[in-house]
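Residues per chain are reported as follows:
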Amino acid sequence: MTDFLYFWNHFAFVILMVSGLFIIITSQNYIKKIVGLAIFQTSVFVFFVSLAKIIDGTAPILNSVNNVYSNPLPHVLILTAIVVGVATSALGLAIVLQIYKNYGSVEENEIKKEELKENS
Amino acid sequence: MNIFLDDATALVVVLPLLIAAIIAFIPSSRLAWFITIVTLVFHLSLSVELFQNFSSFGTIIYEFGNWPPPWGISFKLDGVNIGLQLLFSAFVLVTTIYSRKIFLSEIDPEDSGKAYSLWLLAIGSLNGIILTNDIFNLFVFLEISALSSISLISLGAGTNRKALLAAFNYLVIGAIGATFYVIGVGFAYAMTGTLNMNDLIIQLSQYSEGQLAIFAGMSFMLIGLMVKSAVFPLHLWLPPAYSYAPSAVSTLFAALATKAILIFFVRILYEVFSIYNGYLEIFLDYILLPLSLIAIFVGTIIAIYQNDIKKLLAYSSIAQIGYITLAFSINDNSGVLAGFVHIFNHALIKGGLFMAVGYLAISLNDRVTLESIEGYGQKYPITSYALLVCGLSLIGLPLTNGFISKLYIFQALYSNEMFLTIGLVALSSALAVIYFWKIVEKLFFSSKGYEATSEDPAIYIPIWIIALSIIYFGIFSSTIVEFSSIASESLILGGSN
Amino acid sequence: MTNESLLILGLLTPLFAAFGSYCFKNNINVRDSFGVIGGVITFLISLKIFNGLQAEEQYVINLFTLFNGVDFLFNITPLGSIFSLVASSLWILASIYTVGYMRGAGEKNQTRFVIFYSIAIHAALAIAWSGNLLMLFIFYEILTFSTFPLVGHKQDAESQAAGRVYLSILVGTSLVLFLPAIFWVWLETGSLNFTPGGILEGKFPTEYLIFLVAMLVFGIGKAAIMPIHRWLPAAMVAPTPVSALLHAVAVVKAGVFSFLMVVVYIIGPDYLLQSKASNWLVWLSSFTILTASIIAISKDDLKARLAYSTISQLSYIILGAALATTFALKGASFHIITHALGKITLFFCAGAIYVTAHVKKISELGGLGFKTPMIFFAYTLGALSIIGVPPLIGSWSKLFLVIGSLEADFLFVAILLGISSLLNIYYLLQPVFIAFNKKNIKNINITKAPLTIWPPVITGVGCLFLFFFSNYFLNIINGVVA
């Protein structure tokens, strides 16, 4: 049980990640897929940041009072990753917009039906 | 000039990225193309300079801002990537010359200038993938290249709206793959506190074989990279993406994008993983080898049943990536050597094929299918014969570079006594004849008669450059073999050269 | 002229002929004359090389290295000089015949036909003169691809289907079996050069030799041993000049020639004999000889019957190579010449019958012999030569094969060769009897096409005439075996 509490951030990460993947796979709506993707990515970011947390740690500023501080590098990395994630979502939404303009729908099953009609 | 040359390692990546930002603001598409060409000529000369430095001083490690490894980002130019760096520079230049007419007719004319901004972005980031020595930096480059290539693919919507679905599909699957990779990086960082490849190797070797966290992290990284390099069965994004993208874009990605990522994939395998030999062997023998064989057969057989030629080539790419990973799954020098040889050769072959098919596509102004190209061998003889040369090389006939690949793959399999695999590889190469011959039969032996039409030299000259290099490297194979053996030796033996 | 330049000129002449035909595609007489001129030049060169080899001359060209131990090498062996002499001399007649046939039958796309015809001859010559197994393989593939347009020449559904069968069997077997076998030899010995006495002994694991032999004999699909013979009847949809020169001489002989080269210069006959790795092949080729003969009897289409007869006769050569004794190899080498001469005569006649009387089936030949006696005179000579009746040249090779089989203690093979000759008599001479049967005379319009009649007469008389000059060939054939 103590293990569970100690590693609770791992479990939170797994739950978030799996629900993100679940949304991507099951939803028919392209915008919902993007939302799922965002959740999936965010779960990883949260995990990364939580790994750097040290109990009682502070920001890494050298002074005489605090000598325990959190590692800043993961935060910096995740900052980059968040930017990448935002760009991915933005590009995804832009493509969804174009799909809507071209197909008149953002539902996967409706578009598949139309494609089938086109082929036959 | 010297200031430039000192930083050549960084410049080959930074220069295209910088120019990309400038080109986005240039209204004239002709000027944008011209600037791109100038940039890439400069890029090529930088690569040649890098090669000369490499051959006289050995491995080059470039530290950004002079921060030493655990803190700063570094690029590394060693035996593994020098060959690909040269090929990459030369090939993107040829492809860019070729791309002008393709972009003009396949992309909305207003966008065709801006497309070069994305084009350079993709080139810069792919070059970053080739050179980087930092596992998190790799993620950034992976994502830049993915985003720019997705945008380029979606530009194919000018001719076929399915390009949008393909792009979206690639975006979702690619993002999942990249995120998997980041998870792996997270694990590795949590255990070692470093992101630098060289440092990572040193840190990891302190752990005994039982560290599950490291294996979990490594597995996440490998799966992420396998998604990105379209290793079977994580390849589903590739066929639609390649077949609906503008032809010049298909050429660039089919030839180089997956290859650049595969190079990093083998680096992880043989530089990092080789510390845990038992685990590496399990991965190679029970995962990568069977998957490669299945990829070869599934890719080839699906390709046989394709009617759309760009899709056919895309599925054939799946099979060819299978050959590369098959060679890499042989855990010794000869196997890795064969893998590198095929990386180089297949880049040329598939690039040439997509170029030739791209020209047929713009002259048809429609999808290139088996029916629509009937008799085009008479109508466009120059392009069609180039396609024939590339195709014969794909089958692996002697005097083409495809044969050299086959020779080294056979040699590697033979020296490891994998006779059943030899039989399967031989069988699959005969199956490849079927799909290739379907194209040839329609092109050259059709009852439809056409008069020869004049072809555009701006397009067929680049295509023939590739076709002739296929023959050249088929006869004088020593260049490619030497680069590959430098690569495999520095991977397997860890030599500094 | 030095030996090297002679060799290069010989190789390039067919390509020049192809190029010349392309340049003069609008003037059909000039276009078609290139084949004849090219034939004469290559024939003279082949003859000079043939004589030169007997005078212990060397004909070697090494252009560059392809990979470790394998060069881009031409090196004329005695066996190769025989094959090139046969192919080039018959090319002269075949190109004269082609003019008569193609114009007489009113075929389309004649320029393309002439060009690929010349390229195929180039590939056959290069096979004959190649210095190592990989070079042989390269030109083997070029020969396959260059004959594909000739097989599918009519471009209708039937010929396209036949073309696919042709290509898939020949390319498929060569890529799946022949090429890996070449790699295997190279990996074990580090060399692929044709060396008298072979290169395998002492370097190759003898217990696996039987697999190598199997890979080679099935991989060289052009040798048409059963069950890899389906492509040959399929290829008969091609115009008759193709069937005559390519599918009775150049292509199929390239197949058996390749196998003979492997046995003589790669494996080495002594090594093969010791290892007994080819005993099973004696049985298989005997089976092919008999079965193909029986199938031939059942065919009413004259070209199909000749095709199955070819399959049967090719297995004579495979049989000789598999027996691997001195006389068997002599017989196999000689059979390349004798069968080529005899079979091209028969195919020429089949084509001439089609052009003059528009008849393809044997049952419809009734009485034709009285209207076109020259054709059937030539046909009879060719048939008797293949059956092995003295004084026709075909009797020599059969005699050697019989002696060879006794030498190797295969009595049943000698008996089988006798039975096969009896079957030959039946299925090859039956058309002659029908043609000269007065009861069956039908009214058939005869179109005159003299260019299709004289070539078979020349080759037919050649079968008779060369019987008395067999020593000329035997000298060099002894050089093959020694």
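Residues numbered from 1 in each chain as written. Chains lettered and ligands numbered in written order. Predicted model: local features only at pLDDT ≥ 70, side-chain atom pairs only at ≥ 80, totals over all residues. Heavy atoms only, no water.

(A) Expanded view of the overall build of chain B. From N to C terminus, chain B includes 20 helices and two strands. By the compact-globule yardstick of 23 Å for 497 residues, chain B fits well, its C-alpha radius of gyration being 22 Å. The principal-axis extents of the C-alpha atoms in chain B amount to approximately 70 × 55 × 40 Å. Split into buried and exposed, the 497 residues of chain B put 67% on the buried side. Restricting the contact set of chain B to residue pairs at least 6 apart, pairs at least 24 apart contribute 79%. For chain B, the exposed area adds up to about 15,500 Å²; of that, 65% sits on carbon and sulfur atoms. (Helix = DSSP H or I, 4+ residues; strand = E, 2+ residues; numbered from the N terminus. Rg over C-alpha atoms; globule rule 2.2 N^0.38 Å. Buried < 20%, exposed > 50% of the residue type's maximum accessible area, 1.4 Å probe, protein only. Contact = heavy atoms within 4.5 Å. Areas by Shrake-Rupley, 256 points an atom, 1.4 Å probe, with all protein chains shown as cover.)

(B) Structural context of the overall build of chain A. Scanning chain A from terminus to terminus reveals five helices and zero strands. Order of helices (α) and strands (β) in chain A, N terminus to C terminus: α-α-α-α-α. For chain A, the C-alpha radius of gyration of 21 Å lies well beyond 14 Å, the compact-globule estimate for 120 residues. Each of the three principal axes of chain A carries a C-alpha extent, and together these read 75 × 35 × 15 Å. Looking at chain A residue by residue over its 120 residues, the buried ones come to 34%. Across chain A, every contact between residues at least 6 apart in sequence was considered, and the portion connecting residues at least 24 apart equals 47%. Counting every atom, chain A has about 7,500 Å² of accessible surface; 70% of that belongs to carbon and sulfur. Separation of charge centres in chain A, based on 7 positive and 8 negative side chains, amounts to 4 Å. (Lys, Arg positive; Asp, Glu negative; His and termini not counted. Charge placed at Lys NZ, Arg CZ, Asp CG, Glu CD.)

(C) A look at the side chain of Q85 of chain B. Looking at where Q85 of chain B falls in the secondary structure, it is placed in helix α4 (residues 79-106). Once you skip the residues sitting within four places of it in the chain, Q85 of chain B turns out to touch V12, H43, S47, L77, N127, I130 and L131 of chain B.

(D) How the structure looks around the arrangement of the chains. Most contacts, when the two pairs of chains in contact are compared, are made between chains A and B. For the non-touching pair chain A and chain C, the nearest C-alpha separation works out to 27 Å.

(E) Focus on the nonpolar core. I135, Y181 and L269 of chain B together with F74, W129, L209 and F259 of chain C are the most contacted members of the largest nonpolar core, which has 422 residues in total. Residue contributions to this core peak at 21 residues, all from helix α9 (residues 240-267) of chain C. Setting aside its immediate chain neighbours within four residues, L269 of chain B contacts L222, S274, L280, F283, L284 and L288 of chain B. (Core = buried A, V, L, I, M, F, W, Y, C linked by side-chain atoms within 4.5 Å.)

(F) Highlighting the interface of chain B and chain A. Of the residues lining the interface, 26 residues belong to chain B; the matching set on chain A comes to 35 residues. At the surface where chain B touches chain A, the tally comes to two salt bridges. Counting across the interface, chain B meets chain A through three residue pairs in polar contact (both at pLDDT 80 or more). Looking at the side of chain B that touches chain A, the elements with two or more residues in it are α6 (135-154) and α7 (162-192) of chain B. A per-element tally of the side of chain B that touches chain A places α7 of chain B first, with 17 residues. Class assignment of the residues belonging to the side of chain B that touches chain A gives a composition of 20 nonpolar, three polar and three charged. (Salt bridge = Lys/Arg side-chain N within 4 Å of Asp/Glu carboxyl O. Polar contact = N/O pair within 3.5 Å; in protein donor to acceptor, adjacent residues only side chain to side chain. Nonpolar A, V, L, I, M, F, W, Y, C, P; charged D, E, K, R; others polar.)

(G) How the structure looks around the pattern of salt bridges. All names here are of chain B. Scanning all chains against the criterion turns up 13 salt bridges over all chains. Note that R267 and E271 form a salt bridge whose closest N and O atoms lie 3.3 Å from each other. Highlighted residues: R267 and E271, both in helix α11 (residues 247-272), separated by four residues, approximately one helical turn. In terms of burial, R267 and E271 fall into one category: buried. Linking K442 and E374 is a salt bridge whose minimum nitrogen-to-oxygen distance equals 3.7 Å. Here K442 is found in helix α18 (residues 419-444), whereas its partner E374 is found in the loop between α14 (333-364) and α15 (376-379), with 68 residues between them in sequence. Through salt bridges that share partners, K76, D78, R267 and E271 make up one connected network.

(H) The pairing of strand β1 (residues 60-67) of chain C, seen in detail. All names here are of chain C. As judged from the five bridges shared by β1 and strand β2 (residues 70-75), these two strands associate in the antiparallel manner. Its bridge partner being in β2, I61 is matched across the sheet by F74. Counting the residues that bridge the hairpin from β1 to β2 gives two residues, and of these G69 lies at a positive phi of roughly 80°. (Pairing = 2+ DSSP bridges.)

(I) Structural view of the interface of chain B and chain C. Counting residues at the interface gives 27 residues for chain B, matched by 28 residues for chain C. Buried surface at the junction of chain B and chain C, summed over both partners, amounts to about 2,400 Å²; 78% is from carbon and sulfur atoms. At the junction of chain B with chain C, the criterion picks out one salt bridge. Across the pair E441 of chain B and R164 of chain C runs a salt bridge whose closest N-O atoms are separated by 2.6 Å. Summed over the shared surface of chain B and chain C, the result is four residue pairs in polar contact (both at pLDDT 80 or more). When residues of the side of chain B that touches chain C are traced back to their parent elements, those giving at least two are α16 (381-395), α17 (401-415), α18 and α19 (457-475) of chain B. Looking at which element gives the most residues to the side of chain B that touches chain C, the answer is α18 of chain B, with eight residues. Taken together, the residues of the side of chain B that touches chain C sort by class into 18 nonpolar, seven polar and two charged. (Buried area = accessible area lost by both parts, 1.4 Å probe.)

(J) Expanded view of helix α8 (residues 197-204) of chain B. Residues and elements named next belong to chain B. When we look at burial in α8, the residues that qualify are M197, D199, L200 and L204. Along the long axis of α8, the arc covered by the buried residues comes to 155°, so they all point the same way. On its buried side, α8 packs onto α6, α7, α9 (212-228) and α11. For α8, the N-terminal capping position is held by N196, with its side-chain oxygen 2.9 Å away from the main-chain nitrogen of N198. (Arc of directions from axis to C-beta.)

(K) Representation of the environment of S395 of chain C within the structure. All names here are of chain C. Within the fold, S395 resides in helix α16 (residues 394-407). S395 sits 53 residues away from K448 along the chain, and the two C-alpha atoms are 34 Å apart. With sequence-adjacent residues up to four places away left out, S395 is seen in contact with S385, G388, V389, P390 and F467.

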